[in-house]
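Below are the chains, spelled out letter by letter.
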Amino acid sequence: MTEELRIAVVGAGMMGADHIKRITCRIAGARVAAVVEPDAGRAAAATTHAPGALTFSRLEDAIETDALDAVLIATPGQFHAPVLKPALAARLPILCEKPLTQTSESSREILELEQQLDRPHIQLGFMRRFDAEYQALRELVGSGESGDLLMVRALHRNPSVPDGYTQDMLITDSVVHEFDVVPWLAGSPVKTVEVKHPRRNSLAPARLSEPILVIMELENGVLVDVEMNVSVQFGYQVATEAVFEKGIARIGQPAGLQQWEAGFFRVKEHESFTTRFAAAYDAQIQRWVDAVRRGTLIDGPNAWDGYLVALSCEAGVTALHGGGIVPVEAPERPSFYA
Ligand code: ISE
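Conventions we followed
Throughout this document, residue positions are counted from 1 along each chain, in the order its sequence is written. Owing to the predicted nature of the model, reporting of local features is limited to residues with pLDDT of at least 70; listing and counting of side-chain atom pairs is limited to 80 or more, with chain, interface and lining totals taken over all residues. To obtain the side-chain values, all non-hydrogen atoms of the structure were included, while hydrogens and water were left out. Numbering of helices and strands runs from the N terminus, with a helix taken as a DSSP run of H or I at least four residues long and a strand as a DSSP run of E at least two residues long. Radius of gyration here uses only the C-alpha atoms, and the compact-globule reference equals 2.2 Å multiplied by the residue count raised to the power 0.38. For each residue, the accessible area found with a 1.4 Å probe, counting protein chains only, is set against the maximum for its type, and the residue is called buried under 20%, exposed over 50%, and partly exposed in between. The rule for a salt bridge is simple: a side-chain nitrogen of Lys or Arg has to be within 4 Å of a carboxyl oxygen of Asp or Glu. By convention in these notes, a residue is near a molecule or strand provided one of its non-hydrogen atoms lies within 4 Å of it. Under the rule applied, a polar contact is a pair of N or O atoms within 3.5 Å (in protein, one hydrogen donor and one hydrogen acceptor; residues adjacent in sequence only if both atoms are side-chain atoms). Working definition of accessibility: Shrake-Rupley area with a 1.4 Å probe, residue cover restricted to the visible protein chains. Classification used: nonpolar for Ala, Val, Leu, Ile, Met, Phe, Trp, Tyr, Cys and Pro, charged for Asp, Glu, Lys and Arg, polar for all others including Gly. Being paired, for any two strands, means DSSP has found at least two bridges between them.

A word on the overall build of the protein. Helices and strands together make up the secondary structure of the protein, namely 10 helices and 15 strands. Relative to the compact-globule value of 20 Å for 338 residues, the protein shows a C-alpha radius of gyration of 20 Å, a close match. Overall, the protein is about 55 × 55 × 45 Å in size when its C-alpha atoms are taken along their principal axes. Buried residues in the protein amount to 54% of all 338 residues.

Set out below in structure tokens:
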């Protein structure tokens with residue numbers, strides 16, 4: 001494809017608006033041709049960053065105009081399935097923000113529809129796989145240089161969460177990332193999930209009982225603990241320590257200007273995932289655009305990866321509600337998704 005890829009961005013909330021600016025300002029070979037957003041105010045605000053983009057309230061209407069080549073889905077998770085279906089029916093390449101869908105059953109339905117096409121059309125927006133430090137850690141694991149990986153300790157801290165964030169979203173909206181990235185790092189799927197409840201943070205919204213400690217065992221015996229903590233107040237922090245036979249590796253430490261002043265040492269911390277993972281989002285979207293333009297369609301996690309994460313999330317929600325140590329039973333990956 002020599003012409004620019006015409007992308008329809010579905011959903012112009014925080015993430016959609018961020019992607020619209022990114023595509024317009026930083027991504028080569030693509031432009032936002034359509035914004036699909038039922039809230040007229042949001043749609044108008046978003047299109048100021050996408051000169052010439054058409055606006056629609058339904059993807060089906062955008063598809064009828066024949067004004068798009070690919071779809072980027074950035075709506076809340078519960079709207080993914082109704083958008084994925086018409087996009088697949090139109091055989092459009094798709095980048096879908098996490099999760100694939102809300103349940104493993106609806107994810108399976110999407111896999112069945114996708115397998116009627118000639119090859120995978122859906123890339124999942126697990127952006128951590130495009131973060132340079134996560135990639136370096138994965139290379140270290142694969143190289144064997146530090147010996148075998150034994151344990152992973154993950155910190156996932158948000159300053160606060162929006163009003164619509166529910167208890168189950170600790171798993172389905174937040175730990176969802178560790179369910180994808182840790183097996184990818186360690187080269188082994190999740191075998192069991194357990195959730196422990198430490199003392200509650202009195203600063204958490206009344207509807208939330210958190211932080212929580214999520215313990216995963218991987219098939220290869222690696223043990224993983226995730227501190228999921230969404231009321232830390234001070235900033236946004238995603239960090240990992242990997243324990244090997246011969247050493248330790250750390251990623252996600254605060255970086256940038258270091259300042260010693262008035263008896264203190266300080267480094268600026270991130271306030272949101274949009275800055276912490278800005279470079280990873282850029283790389284993810286550029287690689288997806290390049291893959292679509294050369295006809296490969298995806299270059300990153302596929303819908304089967306999204307389905308595996310949906311299975312882990314279901315186990316995680318059961319564990320969150322007192323289910324004990326919950327097994328994750330995944331069927332074998334079909335060759336279509338190899
Ligand atoms: C949010 O939806 C994200 O995807 C962020 O990466 C995560 O850190 C946050 O906890 C979620 O709410």
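Picking up where we left off.
Right, let's get into unusual backbone geometry. Between Lys 98 and the following residue, Pro 99, the backbone shows a cis peptide bond with an omega angle of -10 degrees. Inspection of the secondary structure assignment puts Pro 99 in the loop between strand 5 (94-97) and helix 5 (104-114). A cis amide bond links Glu 210 to the next residue, Pro 211, at an omega of 10 degrees. Here Pro 211 is to be found in the loop between strand 8 (190-196) and strand 9 (212-218). Residue Arg 91 is not a glycine yet carries a positive backbone phi of 60 degrees. By the secondary structure assignment, Arg 91 is in the loop between helix 4 (80-89) and strand 5. The exposure class of Arg 91 is exposed, given its relative accessible area of 55%. Positive phi is not limited to glycine here, since Gln 233 has a value of about 70 degrees. Here Gln 233 shows up in the loop between strand 10 (223-229) and strand 11 (237-244).

Let us now look at the pattern of salt bridges. Taken as a whole and assessed by the stated rule, the structure comprises 23 salt bridges. The partner of Glu 4 in a salt bridge is Arg 31, and the shortest N-O contact between them spans 3.7 Å. In this pair, Glu 4 sits in the segment before strand 1 (5-10) while Arg 31 sits in strand 2 (residues 30-36), placing the two residues 27 residues apart along the sequence. Here Arg 31 falls in the partly exposed class, since its relative accessible area comes to 37%. Between Glu 271 and Lys 268 there is a salt bridge, and its shortest N-O distance comes to 2.8 Å. An identical accessibility class is assigned to Glu 271 and Lys 268; each is exposed.

Turning our eyes to something else, we now look at the site of the ligand. Surrounding the ligand, one finds Lys 98, Met 127, His 156, Asn 158, Tyr 165, Asp 173, Ser 174, His 177, Tyr 236 and Phe 273. Separating an oxygen atom of the ligand from a side-chain N or O atom of His 177 is a distance of 2.8 Å. Notes on the ligand: free accessible area 300 Å², of which the protein chains cover 90%. Looking at the shell around the ligand residue by residue, the classes come out as four nonpolar, four polar and two charged.

Right, let's talk about the pairing of strand 14 (residues 264-267) for a bit. In this structure, strand 13 (residues 258-261) lies alongside strand 14, joined through four bridges in antiparallel fashion. Bridge assignment links Gln 259 to a residue of strand 14, and that residue is Arg 266. If you look at the hairpin formed by strand 13 and strand 14, you'll find two residues sitting between the two strands, and Ala 262 has a positive phi there, around 50 degrees.

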